[in-house]
Each structure stands twice: as C-alpha cells, then as structure tokens.
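One letter stands for each residue in the lines below.
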Amino acid sequence: MEGLASFRAVPSFTSRPRSSILGTALNPRRGNSLSLPSSSSFIVRAQQMESKDDEPEPVKIELKIKEWENSMYHNEVAASQGIRIRRRPPTGPPLHYVGPFEFRLQNEGNTPRNILEEIIWHKDTQVAQLKERQPLYSLKKALDNAPPVRDFIGALRAANSRTGLPGLIAEVKKASPSRGVLRENFDPVEIAQAYEKGGAACLSVLADEKFFQGSYDNMLAIRDAGVKCPLLCKEFIIEAWQIYYARSKGADAILLIAAVLPDLDIKYMTKICKMLGMATLVEVHDEREMDRVLGIEEVEFIGINNRNLETFEVDISNTKKLLEGKRGEEIRKRDIIVVGESGLFTPDDIAYVQEAGVKAVLVGESIVKQSDPEKGVAGLFGKDISLQSV
Ligand SMILES: O=C(O)c1ccccc1NCC(=O)[C@H](O)[C@H](O)COP(=O)(O)O
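The rules behind these values
- Residues numbered from 1 in each chain as written.
- Predicted model: local features only at pLDDT ≥ 70, side-chain atom pairs only at ≥ 80, totals over all residues.
- Heavy atoms only, no water.
- Pairing = 2+ DSSP bridges.
- Helix = DSSP H or I, 4+ residues; strand = E, 2+ residues; numbered from the N terminus.
- Axes fitted to C-alpha atoms, helices over the stretch in contact; angles between N-to-C directions.
- Contact = heavy atoms within 4.5 Å.
- Buried < 20%, exposed > 50% of the residue type's maximum accessible area, 1.4 Å probe, protein only.
- Polar contact = N/O pair within 3.5 Å; in protein donor to acceptor, adjacent residues only side chain to side chain.
- Phe/Tyr/Trp six-rings, centres within 6.5 Å; stacked < 30°, edge-to-face > 60°.
- UniProt positions renumbered as here; feature names shortened; annotations may be inferred.
- Expected span 1.5 Å × (residues − 1).
- Arc of directions from axis to C-beta.

## Describing the sheet that holds strand 11 (residues 337-341)
So, point 1. Pairing is parallel around the closed barrel formed by 8 strands, whose spatial order is 3-6-7-8-9-10-11-12. Between one strand axis and the next, the sheet turns through 25° on average, direction left out of account.
So, point 2. Packed onto the sheet, helix 7 (residues 152-163) meets strand 3 (167-172), strand 6 (202-206), strand 7 (231-234), strand 8 (253-257), strand 9 (279-284), strand 10 (301-305), strand 11 and strand 12 (360-363) and runs at close to 125° relative to strand 3.

So, in structure tokens, the structure goes:
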C-alpha cells in the first residue's frame with residue numbers, strides 16, 4: 001500500500017520539461033518559490049524507479065521537479081485570476097503503470113472537474129507529444145511554405161457593412177461534447193463551400209479530434225479546395241507552439257479561451273499572432289473574464305460565448321449582459337469587434353445579439369445540421385445574404 005501512496009504523489013511528467021509561458025516568465029525560483037510537499041522524497045524515489053532516458057539522474061529529477069513547480073505555480077497564478085481550469089492533473093495522469101500492473105487512480109486530484117478541464121488535460125499531453133515530433137525551430141521553418149494569411153477581422157467588417165447584419169463565422173463541426181454527433185455524412189470541404197456560397201464571411205474549423213471529431217487536415221483541405229473565407233482554427237490553445245502549428249496548417253485566426261489562459265498568456269500569444277499576421281479571438285463567458293480581457297490593451301477581437309463550457313448551459317442573454325453599461329462603452333470606444341457565440345438558431349436570435357452590440361456571430365449547430373448548409377445560412381438570417389444577393 002505504501003508503494004501506491006508514494007506513486008500518488010508523482011506529478012504529470014514527460015521526459016523533457018514542458019514549461020508554459022508563465023512558467024518561463026515567472027519562474028517560482030526567482031523569489032516566488034513554492035515549497036515542495038512533504039511527499040517530494042516519494043517523487044524522487046518513484047522517478048528513480050521510472051528513469052528511461054539518458055540524462056544524468058540528478059539533472060533529470062531536478063528538471064522534473066522544476067516542471068512540476070512551474071505547473072503548480074501556473075495553477076496558482078491562474079486561480080488568482082479566477083481561472084478554475086487546471087492545466088494538468090495535480091497528482092499526475094490518471095493512468096499509472098506500476099510494474100506489470102496498471103492502476104487507474106480515481107480521486108479529486110486526478111479526475112477532471114468538468115469537460116473543459118478534461119479537454120485541457122488531454123491537450124497538454126497531446127501538445128507535449130506533437131512538440132517532441134516537431135520542435136518549434138522546425139515548425140517555424142515550415143511557415144515559409146504555409147498559405148498566406150488572410151484578413152479575418154477585415155472580412156467580418158466588410159460583411160457587416162455589406163449586409164447590415166453581423167458578419168457570419170460559420171462553424172465546420174462534426175460533433176461536440178454537449179451535442180454528440182451533429183452530422184453523420186460530414187464532408188468538411190462541401191460544407192465549407194456551401195457556407196461560403198450562402199454568404200459566410202469567415203469559417204471556424206474544429207481541429208480537435210478527440211472531443212469534436214475535427215482535424216487540421218480539414219482546415220488544409222478547405223484551403224486547398226479554394227475556399228476564400230478566412231479560417232479560424234477552433235482549437236484549445238494552451239501553448240504558443242500551437243499558434244505556429246495552426247499557421248503552418250493554413251489558419252488565419254486562432255481562439256484563446258479566457259477561462260483557461262491567464263492574462264499574461266493571452267497578452268503574449270496575441271502578440272505572437274500579430275507578428276504572424278493572424279487575428280486572435282479572445283473568448284469570454286462572464287463579467288470577470290470580460291474585465292480581465294478588457295484590461296489587456298492588445299485585445300481587439302472578443303467572443304462572448306453564450307455556452308458555459310463547464311456546464312453546457314446555453315443562454316443568449318449572456319451576450320447582452322456582458323455588453324451593457326461601461327463594458328459596452330469601452331468596447332465601442334476601442335472599436336473592438338465582438339462576436340456572439342453559440343446557441344443562435346433563428347433570425348430573432350441574430351437580431352437580439354445584434355441589438356446587444358455584436359458585429360459578428362459564430363454559429364455551428366443550427367447550420368451544420370441542415371441537409372443544405374447554404375440554405376441553412378439564409379434560414380438563420382431570414383434572408384439571402386450571399387454575395388449575389390446584396
Ligand atoms: O459545444 C460544446 O459542447 C463545447 C464543449 C466544450 C468546449 C467547447 C464547446 N463548444 C465550442 C463552442 O462554443 C461552439 O462550437 C461554438 O460557439 C458554436 O456553437 P453552436 O452554434 O451552439 O454550435
């Protein structure tokens with residue numbers, strides 16, 4: 001039993017340090033040191049038992065402890081900003097291998113509290129693996145061959161002035177955790193072309209495979225097919241590396257979720273996007289997140305998600321609530337483009353969020369489920385908004 005108890009203390013490790021931006025920028029060793037728990041000797045013991053690669057043992061252990069400290073520090077900074085989503089399971093991954101046996105440990109520490117946290121934990125592991133295969137330096141080289149960046153925000157503004165309606169970001173999404181499979185016969189290119197014909201200004205393409213049955217290949221295929229609408233890479237971004245990856249696959253914009261990322265990450269990642277010519281849609285769901293994001297001067301594009309990603313509740317009055325009073329005033333003063341996201345099904349819904357102040361909408365379910373998504377776009381707006389129409 002003692003063996004299992006010591007194993008429980010082992011944090012989430014890979015064979016290389018995975019410092020987050022915050023971990024690198026705010027190293028706890030520089031004045032903010034966190035004390036290691038009394039179980040740290042167990043960590044060392046367990047890691048000595050587990051050692052696999054060729055680094056000298058003391059260096060490896062030190063790196064792993066530092067990585068764990070950084071991750072804990074990241075969680076502390078995030079929590080101080082009201083972020084409940086933890087980057088990694090605090091007591092290590094749920095699946096441990098102990099000798100010939102496999103233990104799945106179920107406890108508060110290594111069980112995600114909600115679906116968003118589960119997605120983030122999965123993403124953390126997935127990104128670590130992808131980075132091993134394609135480190136940043138080689139990814140940066142690959143950008144030379146990436147398709148050119150298109151103006152995402154410009155396309156939304158142009159659609160808004162052309163139609164007098166919010167510019168449409170139409171979502172290419174096969175499935176979602178809250179709704180399951182939305183469309184069985186899912187051809188991403190056909191759907192994208194239909195949206196474009198119907199008058200969509202931009203497209204949002206799900207990249208996550210595990211929870212949304214999406215892929216980066218879908219994004220590339222849509223670009224290769226000649227679709228002109230700029231593309232938002234709909235992915236759960238937790239590291240700057242993913243921005244370069246998205247760009248290498250043809251993305252024109254990325255999404256940053258304030259419920260997941262501390263302010264410093266949002267600021268830093270927004271700057272990287274700017275440098276790459278991409279747009280950054282920063283998504284909020286409540287007043288606290290909106291206030292945090294408005295405190296970041298680099299932000300010029302905000303999405304208000306009507307869906308609570310922890311509970312799946314959808315309420316379109318959320319868009320109105322977050323745009324009232326001083327917040328709305330500041331947004332107008334800074335000419336920030338706001339996108340109303342999720343739960344939009346009818347022309348009345350569109351009119352409601354437009355009245356609240358949005359210049360764009362992000363819509364998935366209601367149009368992707370239509371047998372003819374082109375007609376679905378017209379149905380959503382209550383009129384033909386295609387280029388031929390206006
Ligand atoms: O939709 C989900 O179940 C979900 C779960 C966890 C994280 C994100 C999730 N969805 C992302 C979105 O909010 C929507 O894809 C997007 O805003 C379009 O919403 P809808 O028009 O309601 O499909």
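## Thoughts on helix 8 (residues 188-198)
So, point 1. Taken as a whole, helix 8 has its buried residues at Pro188, Val189, Ile191, Ala192, Ala194, Tyr195 and Gly198.
So, point 2. Check the buried side of helix 8 and you find it contacts strand 3, strand 6, helix 9 (216-224), helix 16 (365-368) and helix 17 (373-381).
So, point 3. Residue aspartate 187 occupies the N-cap position of helix 8, its side-chain oxygen lying 3.1 Å from the main-chain nitrogen of valine 189.
So, point 4. Of the residues flanking the end of helix 8, it is glycine 199, one or two places downstream, whose phi is positive at about 115°.

## Observations regarding the environment of alanine 158
So, point 1. By secondary structure assignment, the location of alanine 158 is in helix 7.
So, point 2. For the pair alanine 158 and alanine 201, spaced 43 residues apart in the sequence, the C-alpha separation amounts to 8.2 Å.

## Focus on the packing of aromatic side chains
So, point 1. Considering all chains together, one arrives at 4 aromatic pairs under this definition.
So, point 2. Taking the centre distance of 4.8 Å and the plane angle of 75° together, the rings of tyrosine 216 and tyrosine 245 count as edge-to-face. Residue tyrosine 216 is located in helix 9, and its partner tyrosine 245 is located in helix 10 (residues 240-248); the two are separated by 29 residues in the primary sequence. For the pair shown, tyrosine 216 and tyrosine 245 are each scored as buried.
So, point 3. An aromatic cluster is present here, built from Tyr216, Trp241 and Tyr245 joined pairwise through their rings.

## Details of the UniProt feature "domain: Indole-3-glycerol phosphate synthase" (unreviewed entry) in the chain
So, point 1. The feature "domain: Indole-3-glycerol phosphate synthase" (unreviewed entry), as given by UniProt, occupies residues 116-377 in the numbering adopted here.
So, point 2. Across residues 116-377 one finds 47% helix and 17% strand; the C-alpha atoms that close the span lie 29 Å apart.

## Some details on unusual backbone geometry
Across the chain, the bulk of peptide bonds are trans and the bulk of non-glycine residues have phi less than zero.
So, point 1. Even without a glycine there, the phi angle at phenylalanine 312 is positive, about 75°.
So, point 2. For phenylalanine 312, the location among the structural elements is in the loop between strand 10 and helix 13 (317-323).

## Here's the deal with helix 11 (residues 263-276)
Because an α-helix completes one turn every 3.6 residues, residues spaced three or four positions apart along the sequence face the same direction.
So, point 1. The first and last C-alpha atoms of helix 11 sit 20 Å apart over 14 residues, in line with the 20 Å expected at 1.5 Å per residue.
So, point 2. Inspection of helix 11 places Asp265, Ile266, Met269, Thr270, Ile272, Cys273 and Leu276 among the buried residues, and these make up the whole buried set. Summarising the axial view, the buried residues of helix 11 lie within an arc of 160°, below the 170-degree limit, and thus occupy one face. The exposed residues of helix 11 that point more than 90 degrees off its buried face are Lys274 and Met275.
So, point 3. The first or second residue beyond helix 11 is glycine 277, which carries a positive phi of 80°.

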